[in-house]
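Examination of the molecular architecture
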There are 4 protein chains.
Amino acid sequence: MVRIDLNCDMGESFGRYTIGADEQIITSITSANIACGFHAGDPETMRKTVRLALDHSVSIGAHPGLDDLKGFGRRTMSITSAEVYDIVVYQIGALHGFVLAEGAVLKHVKPHGALYNMAAVKKELAEAIAEAIYKINPELILYGLAGSELIKAGDKFGLKTANEVFADRTYQRDGTLTPRHQEDALIKDENTAIAQVIKMVLDQKVITQSGHEVPITADTICIHGDGEHSVEFAKKINRALQDNGIEVKGL
Amino acid sequence: MVRIDLNCDMGESFGRYTIGADEQIITSITSANIACGFHAGDPETMRKTVRLALDHSVSIGAHPGLDDLKGFGRRTMSITSAEVYDIVVYQIGALHGFVLAEGAVLKHVKPHGALYNMAAVKKELAEAIAEAIYKINPELILYGLAGSELIKAGDKFGLKTANEVFADRTYQRDGTLTPRHQEDALIKDENTAIAQVIKMVLDQKVITQSGHEVPITADTICIHGDGEHSVEFAKKINRALQDNGIEVKGL
Amino acid sequence: MVRIDLNCDMGESFGRYTIGADEQIITSITSANIACGFHAGDPETMRKTVRLALDHSVSIGAHPGLDDLKGFGRRTMSITSAEVYDIVVYQIGALHGFVLAEGAVLKHVKPHGALYNMAAVKKELAEAIAEAIYKINPELILYGLAGSELIKAGDKFGLKTANEVFADRTYQRDGTLTPRHQEDALIKDENTAIAQVIKMVLDQKVITQSGHEVPITADTICIHGDGEHSVEFAKKINRALQDNGIEVKGL
Amino acid sequence: MVRIDLNCDMGESFGRYTIGADEQIITSITSANIACGFHAGDPETMRKTVRLALDHSVSIGAHPGLDDLKGFGRRTMSITSAEVYDIVVYQIGALHGFVLAEGAVLKHVKPHGALYNMAAVKKELAEAIAEAIYKINPELILYGLAGSELIKAGDKFGLKTANEVFADRTYQRDGTLTPRHQEDALIKDENTAIAQVIKMVLDQKVITQSGHEVPITADTICIHGDGEHSVEFAKKINRALQDNGIEVKGL
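In this text, all values refer to a predicted model and were calculated from it rather than measured experimentally. (Residues numbered from 1 in each chain as written. Chains lettered and ligands numbered in written order. Predicted model: local features only at pLDDT ≥ 70, side-chain atom pairs only at ≥ 80, totals over all residues. Heavy atoms only, no water.)

What follows is about the relation of the copies chain A and chain D. Of the transformation superimposing chain A on chain D, the axial component is 0.1 Å and the angular component is 180 degrees, with the fit at an RMSD of 0.0 Å. The symmetry that links the two subunits is that of a two-fold axis. Taking C-alpha positions as reference, the residue of chain A nearest the rotation axis is methionine 77 of chain A, located at 2.1 Å. Here 100% of the interface residues in chain A have copies in chain D that are interface residues too; the copies meet face to matching face. (Least-squares fit on C-alpha atoms with pLDDT ≥ 70 in both. Contact = heavy atoms within 4.5 Å.)

Written out as structure tokens, the structure reads:
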């Protein structure tokens, strides 16, 4: 039976500030990427989110980001690979503290925002992330953009990797995402998005915005947790996958 | 043979800012309390300090503090026991990340500054710290002010504890430290300080500033790492202990 | 004609995080206390909030707080009067930058949260705030709890002061607020709250929870901006005041 | 009489952390660029540094940087011109608070580190800085790399500008600095550095590392405050300028 993982960024609230409908979306996903206090999240939120994931038998992952709360970790920074290594070790460790305290298991690591995007194309940064993960625990699964430098870096270090695909983004002929600033970067129609996802999972192929069919590896689908209709869409995509005979299950 | 541990706060530099003569003082101590990024320290400093301790076979401990870099974790805050639990889990976890990455072992936890002082007298906060440690790893040793609520909380959770004494502080009749704002709080003469330490270690007694001899438990001595003569004094105290037939060794 | 000012804390969003219905509540108030980036707020939010106040001819005030974003400035800290002076000068200055850039006028200063509460009872901290304001601009109006040390400190420095009262809090026989942890601290019935406010404005008296009538000075009423019904209640209180022949106007 | 300004970055300490020999170097300079709490500095340090400059009749300027204490504002970030405008207004305002409180005058603004470097080449960011300054106070002098986009942006907004040159950096044929990563970027010999400065001031020309003489505008010289020999070198350069009949004076 074909199977797929549904992952979602979680625990991105901070102090009195709330983002994301974590408690509602948790029922539709199989892996939670939990913010670690740099781009978002705080110790209290981390503890609560680890417990929330445990309560719903959702796999727990660390979601390290750049040290930029004001920019939500989305602003690219000129950061060395040594700095990347250090901030990733720190953040995985911090989340791991809560995981240990709850008697749970840390399953995966998915970098956030600008760190994710930089690691998708910069080999040195990608390898710094892979090394940080490997040295903490070689059993951890590295989540990265399908086919990116980050996935290659994980392979190089012998890590299990998860190629991530997007329901609501269009793809280009070389298998990369259409940049956000282009008009046709986003798929706004939910049914089109779901059809794309099912094709990626069943056929491991995607039809580019230019109409070509190209191969893509889909191990996990990114579910957004903070949009207006995100809860509804998460439910819908989960149901559609199962209706198409796909098992929705953590890695 | 009577033995004693010498501990020192380390890794308190931040970014371009440097504090402490870590590389020099490391040769005179047996346990390093490494700052975890809240009151001081940053990921790079943590990695380097873990390696420094490893290179010198010095025991590695986490040194969590309040989230107050500007005040160096020395300003008391009205913080709940749940908040204390969360920030301690976070910080121990973060340091543990570097310890794991270096294939080392985390041995102990010593709270910093205002957190240490509050936990010495407030039972609820002390127990929050002890619980955080216990839930991460019940083998970790809890360092606290000799005879304080923090030590009692460690005992309650079944943790191994280390009663900390000070060479350069005077004691009161009830065995507590003379408050810093009092004139005779500090022992400025090095030989007097060393004599006090040796008596505390050998006899488990201290002579108060009022001239009485009171019992005290001394498992570890706090060595200051950032004063003008701290490197020299650390060497001197280490030598004096050995000259008096005391083994200087980690716990 | 009797008149009263309605003030509300504003600009407390941060980065991607949103708090408060500023754009809706602005139409019901006469003075905006704008967060300055320490307990909440950021430069972008400050610029936008200054413009919002200008657009609605609402008086602009600085709302300085403790440097504790995680605790939203609500956690008491042991802070010296010199530290208070410095953080207040800094924050007033920062907001004043945006006020100057927009060609507007800074009218008042109201401390936030724990800083407000500490300054209500600690003379030294209150005078540090008053001095900071006086030295930046002696024309600024100091907002503080009615009859508190903060108001007295403002008087001492020759500042114009605004005694603040609350619609939804009960008062004690000595004219102070009933502490929040007491059962009858909050007035939950809107009509009772409005009646209390109108009495305070018209009679400069309040009936305590023990049934006594005590004098109170009411120059400005605190309107909450972030509760569920806050927008509705702000409208209601504004209307009720006018219906009772009270002019709602900035100081 | 030919004259020149000597400027130095100051007030870059933070909390318990100290950087720079401000109290010694202040006697050799004519303009102080004071950090504003983003890349370095804190409210207490700002107050003290403003007073230090006042005591020595040194011109006071704001030294705004990126919001990156960990990286000391030296890490390039992808930041919009709106964000640049906002952080510059905020930081100038904050310093202005202390200037007002001391009854002093704010004379200039010099961006720091990555912000300075980005503004030297990116027109949009340069204009955002110039606009921020202009809207706060059009009398403020904008300091920027000689001949850079930042100087052009200042000209465009009608600001008085100060072309900054460096004693210890080599120049390229197009008048720009040799990038730091190149071997010959730094002038390590003090006498060569001083000779370069005197030529730049007297002839408004510089000899590039390729041996060509190119024109350069020199209104102010950057003095480093945190190197090992910085205090001595500052004295030496000040004396050498005067010995060559150049008046050392603020702008």
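Mapping serine 78 of chain B onto the fold places it in the loop between strand E3 (59-63) and helix H3 (81-101). Its relative accessible area of 38% is what places serine 78 of chain B among the partly exposed residues. Taking the C-alpha atoms as reference, serine 78 of chain B lies 9.9 Å from methionine 118 of chain B; in sequence the two are 40 residues apart. Apart from the residues lying within four places of it in its own chain, the contact partners of serine 78 of chain B are Glu83 of chain B together with Arg75 and Thr76 of chain C. (Helix = DSSP H or I, 4+ residues; strand = E, 2+ residues; numbered from the N terminus. Buried < 20%, exposed > 50% of the residue type's maximum accessible area, 1.4 Å probe, protein only.)

Each side of the interface is counted separately: chain A has 24 residues, and chain B has 24 residues. Interface of chain A and chain B: buried area, both sides summed, is about 1,900 Å²; carbon and sulfur atoms make up 63% of it. In this structure, the connection of chain A to chain B is made through 2 salt bridges. The residue aspartate 86 of chain A makes a salt bridge to arginine 47 of chain B at a minimum N-O spacing of 2.5 Å. (Buried area = accessible area lost by both parts, 1.4 Å probe. Salt bridge = Lys/Arg side-chain N within 4 Å of Asp/Glu carboxyl O.)

Bring the parts together and some accessible area is lost; that lost area is often taken as the interface size. Contacts between chain A and chain D engage 10 residues on the former and 10 residues on the latter. Across the interface of chain A and chain D, roughly 860 Å² is buried in total on both sides, 45% from carbon and sulfur atoms. Its largest share of buried area at the contact with chain D, chain A owes to Arg75, Met77 and Ser78 of chain A, together 55% of the area lost on that side. Linking chain A to chain D there are 4 salt bridges. Linking arginine 75 of chain D and glutamate 83 of chain A is a salt bridge whose minimum nitrogen-to-oxygen distance equals 3.2 Å. Seen at the junction of chain A and chain D, the total is 6 residue pairs in polar contact (both at pLDDT 80 or more). Residues of the side of chain A that touches chain D, tallied by class, amount to 3 nonpolar, 2 polar and 5 charged. (Polar contact = N/O pair within 3.5 Å; in protein donor to acceptor, adjacent residues only side chain to side chain. Nonpolar A, V, L, I, M, F, W, Y, C, P; charged D, E, K, R; others polar.)

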